[in-house]
Amino acid sequence: MSKTNNSLSCLDRALIELRAQLASIPPGVMGAKVGVLRFFLLALIASGFFAHSAQADIALERITTDKGVLLLLRGSFALSDDPQALAREVATTGAKVITFDSDGGNVVTAIAYGRVIRVLGLSTFQLRSGQCASACALAFVGGTIRYAEPGAIGVHQSSFSPGDILDGHTAVAAVQQMTAQIMTYLLEMGVDPKLLQLSLSVPPDDMRYLTAAEMAEYKVTAGFQDAAPEGVSSSATIATPTVEHTAREEVAKPLSNEDKALAFVASYYEAWSRGNAEALTFMDRAYSETISFYGKPKSRVYVVDEKVKFVMRWPVRAYNVKPGTATVSCGTYCAVVGIVDWYAKRDIGETISSGSARFLISWDPSTGKIVTESGEVLEMDKNAVSPLRILSQWYDQNAVCRGGIGNSEASAAACANREAIAAKLNAVGWCHDAEGKAGYQLDWQRCGGTGDQNVSAVALSSKASIPRSAQYPVTGRFSGKTKLPDFRGRDRPFNSFRTRIRDGMREGPNFAGHYSVVQIGCGTGCLFAIVGDNNTGKPANFPRGGEDNPSMQLHFELGSRLLAAQWLDYNANKCVVEFFDYDRKTWNLVRKVDVGLSDACYRAVADNLR
């Protein structure tokens with residue numbers, strides 16, 4: 001008891017000092033500082049309550065101050081905990097702020113608490129003298145305003161309870177599902193999903209405490225504004241010249257819903273034209289929980305899964321709305337209709353898709369998310385060898401840009417469009433240059449040359465040493481009816497993915513004569529593969545994928561035993577390609593090549609090996 005009294009007496013002194021600071025703030029900046037200082041008042045009050053160690057399950061404690069009630073959430077998260085108890089406590093006390101003394105616990109429960117915290121509009125803060133580590137970090141980021149001292153938030157890998165007994169395949173499936181849930185939750189809370197990448201690099205028996213810079217970078221902390229400069233008073237605004245004040249109002253004039261909807265659609269297709277990881281991160285945030293997807297009600301999870309399958313099939317993409325075709329009409333929702341030209345290429349070879357389509361995107365201005373997506377293909381370009389429609393857009397915009405008069409709006413818009421289109425063409429391997437030619441002779445061509453950053457060279461192997469599909473032919477090909485796996489008996493370990501495996505194998509062999517490679521997404525930038533024997537129906541795991549091999553892309557052919565797997569080595573900051581020879585029983589690693597830094601994994605395998 002004496003220890004608590006001593007702590008409170010120290011806090012009382014701190015309160016007196018902070019009250020004096022509040023009293024000295026000029027009236028014009030009171031609103032800017034009171035919120036922040038009030039937070040620190042509460043933080044100081046709570047610091048005396050962190051002497052106790054974490055208990056078995058979550059307990060809520062009230063800390064009453066003259067500024068209101070602060071809630072302390074103490075203990076380890078367990079499945080038996082009820083997050084709604086927090087809602088009842090908030091309703092009773094009117095608390096606005098919550099802090100933690102927890103070493104983690106069950107991830108699902110921590111996420112549930114985080115969502116309740118967000119729904120209730122609570123702010124979270126954490127002092128280094130307390131403890132918010134492991135799963136607790138997930139609950140912490142539920143706060144609408146989040147403050148933590150450096151070293152107050154700890155992260156590491158999730159792990160199973162000591163009593164859990166799982167076979168290898170079930171464990172992998174469980175880890176993948178949990179990783180996807182955490183990724184979705186972080187995106188929902190506005191936290192950079194790279195935080196999960198950092199967490200996965202720390203063993204479960206270790207802990208990484210975040211610095212202030214890391215918490216700001218990953219958006220673990222958010223919502224705090226710097227205090228206004230000392231000496232600024234309310235009279236400063238009144239003294240601002242009328243002309244300058246009017247100009248500021250014009251600059252700050254809010255965009256209409258129509259403008260916002262058009263800007264969203266532009267950003268949608270810009271993101272879709274980027275690398276797989278960036279594109280899927282955007283898509284994961286872009287949709288409401290239920291969407292009318294091409295005339296049928298679908299969940300956000302379903303739509304994002306469809307996007308994952310598409311980008312894995314077509315990793316090289318350029319999409320651009322045809323200038324002048326987009327129209328928008330806003331009511332409760334904003335409906336944007338227009339024409340988009342596209343160019344897409346598979347990871348190996350010259351399989352190209354090119355064409356034009358009409359799109360309809362219905363966007364909710366209140367949430368900033370898509371509620372309807374539909375469209376139809378207008379034209380397909382047979383035997384396309386270049387992004388001809390995107391190139392045509394560039395030429396059209398270039399003509400208006402260079403032929404415009406002065407600084408006209410049309411000329412400026414065309415120049416901006418031209419540069420945006422050029423960036424997309426560069427991203428798919430097309431460059432507007434020609435060595436040794438004058439400016440008027442420049443034209444679009446495939447990027448090439450030793451200095452071209454759009455085409456990466458193989459760093460550790462010469463082109464001659466790269467394994468080729470023709471070097472690993474199959475001795476025969478499957479013909480007949482595909483035999484499906486026995487998920488109730490022999491192939492029970494694969495039962496969690498039975499629908500995807502069946503659908504993939506029913507399409508027939510696509511690898512090594514009589515195998516079906518079925519690729520399954522496990523979250524943004526996460527992929528694993530199961531290889532089914534169409535002759536025997538027996539499925540097998542491919543040895544790469546999941547969290548250990550992020551951003552994985554596969555290349556394989558029906559007539560060859562060779563399979564190439566490209567993935568990102570985070571520790572080395574390298575993109576690598578591994579070549580495997582499958583002899584029906586084992587995956588034999590033939591060669592591993594380094595194809596550049598991590599950014600190289602956002603390009604197609606073919607471009608990295610060219």
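Refer to the structure above for everything that follows.
Residues numbered from 1 in each chain as written. Predicted model: local features only at pLDDT ≥ 70, side-chain atom pairs only at ≥ 80, totals over all residues. Heavy atoms only, no water.

Engineer: Residues and numbers for the pattern of salt bridges, please.
Structural biologist: Using the criterion set out here, one finds 21 salt bridges in the structure. Linking Glu-61 and Arg-74 is a salt bridge whose minimum nitrogen-to-oxygen distance equals 2.7 Å. With Glu-61 in strand E1 (residues 59–65) and Arg-74 in strand E2 (residues 68–74), the pair connects residues that are 13 residues apart, well separated along the chain. Here Arg-389 and Glu-379 are joined by a salt bridge, their closest N and O atoms 3.6 Å apart. Within this pair, whereas Arg-389 is found in helix H14 (residues 388–403), its partner Glu-379 is found in strand E15 (residues 369–380), the two being separated by 10 residues in sequence. By relative accessible area, Glu-379 is classed as partly exposed at 46%. When salt bridges with common partners are traced through the structure, they connect Glu-61, Arg-74 and Asp-101 into a single cluster. (Salt bridge = Lys/Arg side-chain N within 4 Å of Asp/Glu carboxyl O. Helix = DSSP H or I, 4+ residues; strand = E, 2+ residues; numbered from the N terminus. Buried < 20%, exposed > 50% of the residue type's maximum accessible area, 1.4 Å probe, protein only.)

Engineer: Summarise the packing of helix H3 (residues 84–93) against helix H4 (residues 107–120); cite the residues concerned and give the values.
Structural biologist: Direction vectors running N to C along H3 and H4 enclose 30°, while the axes themselves pass 9 Å from each other. For the element pair H3 / H4, the angle class is roughly parallel. Seen from above, H3 lies across H4 with right-handed handedness. Facing H3, whose interface residues are Gln-84, Leu-86, Ala-87 and Val-90, H4 presents Tyr-113, Val-116, Ile-117 and Leu-120. Class assignment of the residues belonging to the contact of H3 with H4 gives a composition of 7 nonpolar, 1 polar and no charged. (Axes fitted to C-alpha atoms, helices over the stretch in contact; angles between N-to-C directions. Parallel < 35°, antiparallel > 145°, perpendicular 65-115°, else oblique. Left-handed = near helix turned anticlockwise from the far one by under 90°. Contact = heavy atoms within 4.5 Å. Nonpolar A, V, L, I, M, F, W, Y, C, P; charged D, E, K, R; others polar.)

Engineer: Give a detailed account of the sheet that holds strand E23 (residues 574–582), specifying residues and quantitative values.
Structural biologist: Working definition: the strands of a sheet are paired by backbone hydrogen bonds and lie parallel or antiparallel to each other. A sheet is described by the order of its strands in space; here 4 strands give the open sequence E21-E22-E23-E24, paired in antiparallel fashion. In this open sheet, the two strands that pair with only one neighbour each are strand E21 (553–556) and strand E24 (587–597). Averaged over all neighbouring strand pairs, the angle between strand axes comes to 20°, with direction disregarded. By the bridge criterion, 8 bridges tie strand E22 (residues 562–569) to E23 in an arrangement that is antiparallel. By the bridge assignment for E23, Ala-565 is matched with Glu-578. (Pairing = 2+ DSSP bridges.)

Engineer: Requested: an account of unusual backbone geometry, with residues and values cited.
Structural biologist: A negative phi angle characterises most non-glycine residues, just as the trans form characterises most peptide bonds. Unlike most non-glycine residues, Ser-134 shows phi in positive territory, near 60°. Along the chain, the position of Ser-134 falls in the loop between strand E5 (131–133) and helix H5 (136–140). With a phi angle near 55°, Ser-551 is a residue other than glycine that sits in the positive phi range. Within the fold, Ser-551 resides in the loop between strand E20 (539–545) and E21. Judged by relative accessible area, which is 13%, Ser-551 ranks as buried.

Remember that the coordinates give geometry; whether it matters functionally is a separate question.
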